[in-house]
Amino acid sequence: GAVVSQHPSRVICKSGTSVKIECRSLDFQATTMFWYRQFPKQSLMLMATSNEGSKATYEQGVEKDKFLINHASLTLSTLTVTSAHPEDSSFYICSAQPTTTGTGKIFSGNTIYFGEGSWLTVV
Amino acid sequence: DAKTTQPPSMDCAEGRAANLPCNHSTISGNEYVYWYRQIHSQGPQYIIHGLKNNETNEMASLIITEDRKSSTLILPHATLRDTAVYYCIASNDYKLSFGAGTTVTVRA
C-alpha cells in the first residue's frame, strides 16, 4: 500500500486564488519531504525541500513567496500555491525521507516512495 | 546525482521479457541505481534499486555491470499494464533528479 499520500488528487481553482496540497507519510515520520512539479510531456522537476521545523529550501528559479511550504509535523508537509495563475497548472508530486535516516548520516539506499500526485488546474 | 542516459523509447511484445538499458558511466561509489516508472497521470512507482549486486523482486530484476557504469532493468513477462515511462536514477540522496526516461510501450 501507499506509504506517502497526497490530497487532493485533483483540484481546480480560479485564477488569483490560493490552493493547498498536502503530503503525508503514512508509515513513518519524515523530517524531510521533497516537492516536484511535472508539466505535460515533461519529466519531474524538483521544486523544493521541505524541512520539519525549519524553512524550506527552494531550487533555483522557484519563487518561495508563490509556493509556500509548511512542514508542521513529522508526517505532514503542505504546498500552497498562492495567487495561482493558469501557468501554475501542473502535476505536483511529493516524496518523503524517513526521520530515522537523520542528518549527516551516510545514505544507506533505502527505498524512496512518492505520493500519488496532485493535479492542479487553474482556470 | 550522476547523469544517466536511457533510450527515449522502446517497444516490447506482451509476454516477452523487456530489457531496459541505462548508462551511468560517471556514477560514484556510494550512488545507488534506482528504477521508477510512471504510468500516465500517476506518481512515480518504485520498482527496484541496487548498489553493486544484481537484485530481484516481484516486479523486476536489476542487473548492474561489474564496473557499475551501466545497468539493465528486466521485466520478465511484460504485460500491457507495464506501458509507462521508466526512469533510471543514480543517487546517494533522497533528493532524486529525474531525466527524460524511456517510454516503454507493450504491444499485444
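Above this text is the structure in question.
Rules and cut-offs
Residues numbered from 1 in each chain as written. Chains lettered and ligands numbered in written order. Predicted model: local features only at pLDDT ≥ 70, side-chain atom pairs only at ≥ 80, totals over all residues. Heavy atoms only, no water. Helix = DSSP H or I, 4+ residues; strand = E, 2+ residues; numbered from the N terminus. Buried < 20%, exposed > 50% of the residue type's maximum accessible area, 1.4 Å probe, protein only. Contact = heavy atoms within 4.5 Å. 1 Å grid on protein atoms, 1.4 Å probe; cavity = no way out; pocket = protein on both sides within 12 Å on 5 of 7 lines; lining within 4 Å. Points joined across faces, edges and corners; volume = space filled by probe spheres on them. Nonpolar A, V, L, I, M, F, W, Y, C, P; charged D, E, K, R; others polar. Disulfide = S-S within 2.5 Å. Pairing = 2+ DSSP bridges.

Engineer: Before we go on, may I ask you to explain the side chain of T80(A) in this structure?
Structural biologist: Residues and elements named next belong to chain A. Tracing the backbone through its elements, the reader meets T80 in strand β8 (residues 76-81). Note on T80: relative accessible area 16%, which makes it buried. Other than its neighbours up to four places away in sequence, T80 contacts S18, V19, K20, K66, F67 and L68.

Engineer: Looking at this model, I keep getting lost on the layout of surface pockets. Mind explaining?
Structural biologist: Any empty space left between atoms is shown by rolling a water-sized probe over those atoms. Taken as a whole, the largest pocket holds about 420 Å³ of empty space. Surrounding the largest pocket, 20 residues form its lining, Q38(A), K41(A), Q42(A), H40(B) and V85(B) being those nearest its centre. Considering only residue class, the lining of the largest pocket consists of ten nonpolar, nine polar and one charged.

Engineer: Can you walk me through the environment of S70(B) in this structure?
Structural biologist: Examined against the element boundaries, S70(B) turns out to sit in strand β7 (residues 70-75). Those residues in contact with S70(B) that sit more than four places away from it in its chain are C22(B), N23(B), H24(B), I63(B), I64(B) and T65(B).

Engineer: Please clarify how the state of the cysteines should be interpreted in this entry.
Structural biologist: Among covalent bonds in proteins, the disulfide is the one between the sulfur atoms of two cysteines. Residue and element names in this part refer to chain A. Under the criterion given, the structure shown has two disulfides over all chains. With a sulfur-sulfur separation of 2.0 Å, C23 is cross-linked through a disulfide to C94. The S-S bond linking C23 to C94 shows a torsion near 85°; that makes this disulfide right-handed. Taken together, the positions of C23 in strand β3 (residues 19-25) and C94 in strand β9 (residues 90-98) put the pair 71 residues apart, joining distant regions of the chain.

Engineer: Is there a simple way to think about the sheet that holds strand β6 (residues 61-64) of chain B in this case?
Structural biologist: Strand pairing in a sheet takes place through backbone hydrogen bonds and is either antiparallel or parallel in direction. All names here are of chain B. Across the sheet, which stays open at both edges, the four strands sit in the order β2-β7-β6-β5 with antiparallel pairing between neighbours. If you trace the sheet from one side to the other, it starts and ends with β2 (18-23) and β5 (55-56), each paired once. Relative to β6, β5 runs antiparallel, the two being bridged by two bridges. Within the sheet, the bridge partner assigned to E55 lies in β6 and is L62.

Read these as spatial facts, not as claims about activity.
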